[in-house]
Amino acid sequence: MENKKITAIFPGSFDPITNGHIDVIRRGNKLFDNLIIAVGQNPGKSEFFSKDERVRMIRELTADMPRVTVQSYDCLTVKFAAEIKADVMLRGLRNLSDVEYEFQLAMTNRTVAGIETVFVMTSEEYGYVNSTMVRQIALLGGDVSKLIPESVYQQLRQKIKKTSHTMDTDVPE
Ligand code: ADP
């Protein structure tokens, strides 16, 4: 184990990536030799940005972190983790309600795939930020600029403009 380089996988939907995710990535960047951000799709959530769009955005945002790489995947997270030879899984905790879900997930992943999970706690200021809320507020015209990086904010606005335009033209009068 001595001098072994540790590779961590940080899986998530990142739809879109928030300042909370970035906070976790910055912390992970200090802890591991390699950090692979794995962009997947939670089957319980529908897609807003395509996977390619999400990967592109995250690559731009992590360009100054040489240990970080970004990849997308379609299979089970633990299967992808094994494919890329990840030693540990990184997950972020926002609050106590995250703990219950994440605890269950970490135990399951350890049981079925033998992979350990490392948790980091986000800064208090991001403790309430989640992607679903960001999307919902933005779709209803609210200002989410403090919750996500500026480049993501611009792309979110464009996407909403395009979506509402398509809806306008699609709806028969
Ligand atoms: P998933 O849909 O797979 O949960 P998410 O993109 O919602 O994917 O979350 C990926 C990981 O990032 C999870 O561990 C989640 O707890 C963590 N996370 C999400 N938002 C925050 C935040 N604001 N602060 C810290 N961790 C976060």
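Please read these numbers as outputs of a predicted model, since none were measured by experiment.

Cut-offs and rules
- Residues numbered from 1 in each chain as written.
- Predicted model: local features only at pLDDT ≥ 70, side-chain atom pairs only at ≥ 80, totals over all residues.
- Heavy atoms only, no water.
- Helix = DSSP H or I, 4+ residues; strand = E, 2+ residues; numbered from the N terminus.
- Salt bridge = Lys/Arg side-chain N within 4 Å of Asp/Glu carboxyl O.
- Buried < 20%, exposed > 50% of the residue type's maximum accessible area, 1.4 Å probe, protein only.
- Near = heavy atom within 4 Å.
- Polar contact = N/O pair within 3.5 Å; in protein donor to acceptor, adjacent residues only side chain to side chain.
- Areas by Shrake-Rupley, 256 points an atom, 1.4 Å probe, with all protein chains shown as cover.
- Nonpolar A, V, L, I, M, F, W, Y, C, P; charged D, E, K, R; others polar.
- Phe/Tyr/Trp six-rings, centres within 6.5 Å; stacked < 30°, edge-to-face > 60°.
- Patch = residues over 30% accessible without salt bridge, like charges linked within 9 Å, V, L, I, M, F, W, Y side chains within 5 Å.

**Digging into unusual backbone geometry**
1) Next: In this structure, the amide linkage connecting Asp15 to the following residue, Pro16, adopts the cis form with an omega of 0 degrees.
2) Next: Position of Pro16 relative to the elements: it lies in the loop between strand S1 (7-12) and helix H1 (19-31).
3) Next: Here Phe14, not a glycine, exhibits a phi torsion of approximately 50 degrees, which is positive.
4) Next: By the element assignment, Phe14 lies in the loop between S1 and H1.

**Focus on the pattern of salt bridges**
1) Next: With the rule as written, the count across this model stands at 10 salt bridges.
2) Next: Two residues, Arg94 and Asp98, come together in a salt bridge whose shortest N-O distance is 2.8 Å.
3) Next: A relative accessible area of 36% means that Arg94 is categorised as partly exposed.
4) Next: Each of Asp15, Glu47 and Arg54 takes part in a single network of salt bridges with overlapping partners.

**Some points on the site of the ligand**
1) Next: What surrounds the ligand is a group of 18 residues, the closest being Ser13, Lys45, Gly92, Tyr126 and Val129.
2) Next: Ser13 places a side-chain nitrogen or oxygen 2.8 Å from an oxygen atom of the ligand.
3) Next: At 3.4 Å, a side-chain N or O of Glu102 approaches an oxygen atom of the ligand.
4) Next: With the chains in place, 93% of the 550 Å² that the ligand exposes on its own is no longer accessible.
5) Next: Across the shell around the ligand, the residue classes break down as six nonpolar, seven polar and five charged.

**Considerations on the packing of aromatic side chains**
1) Next: Under the definition given, this model contains three aromatic pairs.
2) Next: Relative to Phe14, the ring of Phe10 lies with its centre 5.2 Å away and its plane at 75 degrees, an arrangement referred to as edge-to-face. The exposure classification of Phe10 matches that of Phe14, with both residues buried.
3) Next: An angle of 90 degrees between the planes, with centres 5.3 Å apart, marks the rings of Phe48 and Phe49 as edge-to-face.

**Details of a nonpolar patch on the surface**
1) Next: Together, Leu96, Val99, Phe103 and Met107 line one region of the surface with nonpolar side chains, adding up to about 420 Å² of accessible area.
2) Next: Here Val99 shows up in helix H4 (residues 96-113).

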